[in-house]
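Listed below, chain by chain, are the residues.
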Amino acid sequence: MAIRLLAQLIIHAIAEGNPQMTFNSASEDLEEPFANGKGGIATAPSGTDGDADDPVQAVRRLLETHRGDRQLVLMQDFPDPDALSAAWAYKLIAANYKIECDIVYAGTLSHQENIALVRLTGLPARRWIAAVDNPNLPNYQGLVLVDNQGTTSQLYKHLRAAGLPLVLVIDHHAPQSKLDAEFIDLRPHIRATATILTQYLQQGLLTLDRNNSKHTKCATALMHGLRADTNQLMHAGASDFMAAAYLSQFYDGQLLSAVLQASRSKRVMDVIERSLRNRKVRDNVSIAGVGYLRYDDRDAIPQAADFLVTEDNVHTAVVYGIVHDEDEEREVVIGSLRTSKITLDPDEFIKEAFGQDSEGRFFGGGRSMAGGFEIPVGFLSGFYENSEYNRLKWEVFDTQIKQKLWRVVNPEEGMINTD
Ligand SMILES: [Mn+2]
């Protein structure tokens, strides 16, 4: 396994004409410099060893200064394997510096593979709802963001408003907002946060031990995380292959296949069935509305899109539904696009189809959402006793979304089709 990965790595590195492993410097890409409080953004030129610009050295110093603290590690509302594994690796590293961490998220774990990952590895993440008046909040001295920059977590604002200082941000998404963290390790050229954390391990922030079951489980989770964020390594870069090669010495292959074989719940199957039944295929694009969904089942939408795109003569699939969030009393249309067409950019497609809201924000796309979109139901929100009304509401959204999508697929047909 390790040998095969290394061989792939070498081929990849040669293909890129860049056999030397370098850190990707985030700062080159920024339109405006990301000033931050006491530290700096990670800029690690190649060949620096123990240099002040080396993010791993900066993180090591940061951990030293916070020795004995207790920190809250925050993930996005719907944590994926990359976030879960990276947060866990950070927790294990921090424990090495006598820093105790609790890993939290606000939304829900909804993909069966994520649930299996957490259960099978004993990954210590938990849901945290009330942020402001949470009696445990004063126990923490700092906040760490992993695989996000606060924009995808509804807890972030509250935790900051409650006065929790932002200590560290570790992420691979494009810069989203100004962050006043002590240190930011933001590397948009790296495909997975799990890769960044693996580099921390590899460079000595924590020595993995094959006989420590927590370590092998965490290495397995990281392997899953970086595979998931790189489309099973198909979109991996040289540093991701390097990280996978390193993890291959510690991870448990059987455990990983158990996680990957997690079965789908009946409700997810039902949504996939609905998408099959409702799909319309035109010009090699398959579009399906699946009606109303529970909040906990929203992950069924990308799974249905994954399935529809496998049909013969279909290169792109879009699936969407209205998701009802009972906790927040809010409704939102959630959609997902999957494509196998190399020349189709999901980000551009979604932006062109749905445009922007009144404040100039796009309904989807961007690096953080890739082929996903979210459209607030707004004034029409709320589930009504009157089933006829709910049906009408769905039809309005369904027709409008289809129309906008078909217009991008085939610009000549811009008309409302009422049949
Ligand atoms: Mn990620």
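(A) Broad picture of the environment of Ala317. Among the secondary structure elements, Ala317 is positioned in strand S9 (residues 316-325). Considered as a pair, Ala317 and Phe307 are 10 residues apart in the sequence and their alpha carbons are 8.6 Å apart. Sequence-distant contacts of Ala317, defined by excluding residues within four places in its chain, comprise Ser286, Ala305, Leu308, Val309 and Arg338.

(B) Spatial organisation of the pairing of strand S4 (residues 142-146). For S4, a buried count of five out of five residues is recorded, marking the element as mostly surrounded by other parts of the structure. Going residue by residue along S4, you find Gly142, Val144 and Val146 tucked away on one face and Leu143 and Leu145 tucked away on the opposite face as well. Here four bridges tie strand S1 (residues 70-74) to S4, and the two strands are oriented parallel to one another. Its bridge partner being in S4, Val73 is matched across the sheet by Val144. With four bridges connecting them, S4 and strand S5 (residues 166-171) associate as parallel partners. Within S5, the position partnered with Leu143 by the bridge is Leu166. One crossover worth recording links S4 to the parallel S5 by way of helix H5 (residues 155-161), and it is right-handed.

(C) Just the sheet that holds strand S10 (residues 330-339), in detail. Here we have five strands laid out as an open sheet, ordered S7-S8-S9-S10-S11, and mixed in their pairing. Each end of this open sheet is capped by a strand with a single partner; those strands are strand S7 (280-282) and strand S11 (372-376). When strand polarity is set aside, the average angle formed by the axes of neighbouring strands in this sheet is 20 degrees. Judged from the five bridges that link them, S10 and S11 form a sheet pairing that is antiparallel. Within S11, the residue paired with Val332 across the bridge is Pro376. Sheet contacts for helix H11 (residues 300-308): strand S8 (285-294), S9 and S10; angle to S9, the most-contacted strand, approximately 165 degrees. The sheet strands contacting helix H14 (residues 387-409) are S7, S8, S9 and S10, and the helix crosses S8 at an angle near 155 degrees.

(D) Structural detail: helix H6 (residues 193-202). Within H6, nine of the 10 residues are buried, which leaves it mostly tucked inside the rest of the structure. Along H6, the positions that sit buried rather than exposed are Thr193, Ala194, Thr195, Ile196, Leu197, Thr198, Gln199, Tyr200 and Leu201. Just downstream of H6, Gly204 is the residue with a positive phi angle, here 95 degrees.

(E) Geometry of unusual backbone geometry. The phi dihedral of Leu233 falls on the positive side, at around 75 degrees, and the residue is not glycine. By the element assignment, Leu233 lies in the loop between helix H7 (213-229) and helix H8 (238-247). Under the C-beta neighbour-count criterion, Leu233 is labelled partly exposed, with 17 such atoms within 10 Å. At Asp283, a residue that is not glycine, the phi angle is positive and equals roughly 50 degrees. Locating Asp283 in the fold gives a position in the loop between S7 and S8.

Basis of the calculations
- Residues numbered from 1 in each chain as written.
- Predicted model: local features only at pLDDT ≥ 70, side-chain atom pairs only at ≥ 80, totals over all residues.
- Helix = DSSP H or I, 4+ residues; strand = E, 2+ residues; numbered from the N terminus.
- Contact = placed C-beta atoms within 7 Å.
- Buried ≥ 20, exposed ≤ 12 C-beta atoms within 10 Å, placed from the backbone.
- Pairing = 2+ DSSP bridges.
- Right-handed = clockwise from strand over helix to strand, strands pointing away.
- Axes fitted to C-alpha atoms, helices over the stretch in contact; angles between N-to-C directions.

Geometric descriptors of this kind do not, in isolation, establish any biological role.
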